[in-house]
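Spelled out, the chains give:
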Amino acid sequence: MQPTVIAPSILSADFARLGEEVDNVLKAGADWVHFDVMDNHYVPNLTIGPLVCEALRKHGVAAPIDVHLMVEPVDRIIPDFAKAGATDISFHPEASRHVHRTIQLIKSEGCRAGLVLNPATSLDVLDYVIEDLDMVLLMSVNPGFGGQSFIDSTLRKIEQVRGRIDATGKAIRLEVDGGVKPDNIAAIAKAGADTFVAGSAIFGHADYRKVIMQMRDAVSSVR
Ligand code: DX5
Ligand code: ZN
């Protein structure tokens, strides 16, 4: 079993004080930094790129940076993120012409590779690539914005992906992103997730440590 990872999405952080926000959330017990990249093309919003990733590394952030690419096309920007200090890079299959090639590209750049499935994306895309992945990321909201509500059909999907991952016998993470909160994280963990992204639930709370501890306790009650 993979150790539990809590990955705050900096999409809901105060961008004017980003370095300090990341330091604070890591000091409060977060494991990874979830870094949402949006291009106003694949998704209807625009966020941050490799320069900001590099700036966090120069600021002294040592934790894994989990880059979630919501951009199209994806391949051009992957080496830039690897150079900027990304440790994990995930992408949406709809945004890549050649999904297998993109996975190999991420790995050849020395990063762990993840494939992201939108709420309506079928698990079929995993059929011939799951063994090459380090992570499957299930979106539990439609990508593009923080602060949306968890889509309940994701729970069934998590169970199905958990079965597929276990069948490979490989150490592949199962990450869930969107609407994850202290009051639903236990159900998400019980369904089989091990890696939890939370943006508004953490950064919208005055006490990061308290909410991360609540989440961790809820997860450890079921896994
Ligand atoms: C949505 C992003 C998520 C989002 C999560 O496109 O991928 O990472 O920021 O935010 P919350 O936890 O507020 O749903
Ligand atoms: Zn994300």
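The preceding data block contains the structure.
The rules behind these values
Residues numbered from 1 in each chain as written. Chains lettered and ligands numbered in written order. Predicted model: local features only at pLDDT ≥ 70, side-chain atom pairs only at ≥ 80, totals over all residues. Heavy atoms only, no water. Phe/Tyr/Trp six-rings, centres within 6.5 Å; stacked < 30°, edge-to-face > 60°. Helix = DSSP H or I, 4+ residues; strand = E, 2+ residues; numbered from the N terminus. Buried < 20%, exposed > 50% of the residue type's maximum accessible area, 1.4 Å probe, protein only. Contact = heavy atoms within 4.5 Å. Pairing = 2+ DSSP bridges. Axes fitted to C-alpha atoms, helices over the stretch in contact; angles between N-to-C directions.

Participant: Would you mind going over the packing of aromatic side chains with me for this structure?
Facilitator: For any pair of aromatic rings, the description rests on two quantities: the centre-to-centre distance and the angle between the ring planes. A complete count under the given rule lists 2 aromatic pairs for this structure. An angle of 75° between the planes, with centres 6.0 Å apart, marks the rings of phenylalanine 35 and phenylalanine 81 as edge-to-face. With phenylalanine 35 in strand β2 (residues 33–38) and phenylalanine 81 in helix α3 (residues 78–83), this residue pair connects regions lying 46 residues apart in the sequence. Here phenylalanine 35 falls in the buried class, since its relative accessible area comes to 0%. With 5.3 Å between their ring centres and 75° between their planes, phenylalanine 203 and tyrosine 208 make a pair best called edge-to-face. Phenylalanine 203 gets classed as buried once you look at its relative accessible area, which sits at 8%. Using a relative accessible area of 14% as the deciding quantity, one classes tyrosine 208 as buried.

Participant: Honestly, the side chain of serine 90 in this entry has me stumped. Any pointers?
Facilitator: One can find serine 90 in strand β4 (residues 88–91). Ignoring any residue separated from it by four or fewer positions in sequence, one finds serine 90 in contact with Asp66, Val67, His68, Leu69, Gly114, Val116, Met135 and Leu137.

Participant: Please clarify how the pairing of strand β5 (residues 112–117) should be interpreted in this entry.
Facilitator: Looking down a regular strand, the side chains alternate between one sheet face and the other. Across the 6 residues that make up β5, a large majority, 5, are buried. Here 4 bridges tie β4 to β5, and the two strands are oriented parallel to one another. By the bridge assignment for β5, phenylalanine 91 is matched with leucine 115. By the bridge criterion, 4 bridges tie β5 to strand β6 (residues 135–139) in an arrangement that is parallel. By the bridge assignment for β6, leucine 117 is matched with leucine 138.

Participant: Looking at this model, I keep getting lost on the sheet that holds β6. Mind explaining?
Facilitator: Where strands meet in a sheet, backbone hydrogen bonds hold them as pairs that are either parallel or antiparallel. Read across the sheet, 8 strands follow the order β1-β8-β7-β6-β5-β4-β3-β2 without closing on themselves; strand pairing throughout is parallel. Each edge of the sheet is formed by a strand with only one pairing partner; in this case those strands are β1 (5–8) and β2. With direction set aside, neighbouring strand axes in the sheet form an average angle of 25°. The pairing of strand β3 (residues 65–70) with β4 spans 4 bridges and is parallel. Note on β4: the bridge partner recorded for leucine 69 is phenylalanine 91. Where helix α5 (residues 153–168) meets the sheet, it contacts β5, β6 and β7 (173–177), and its direction lies at approximately 170° from that of β6.

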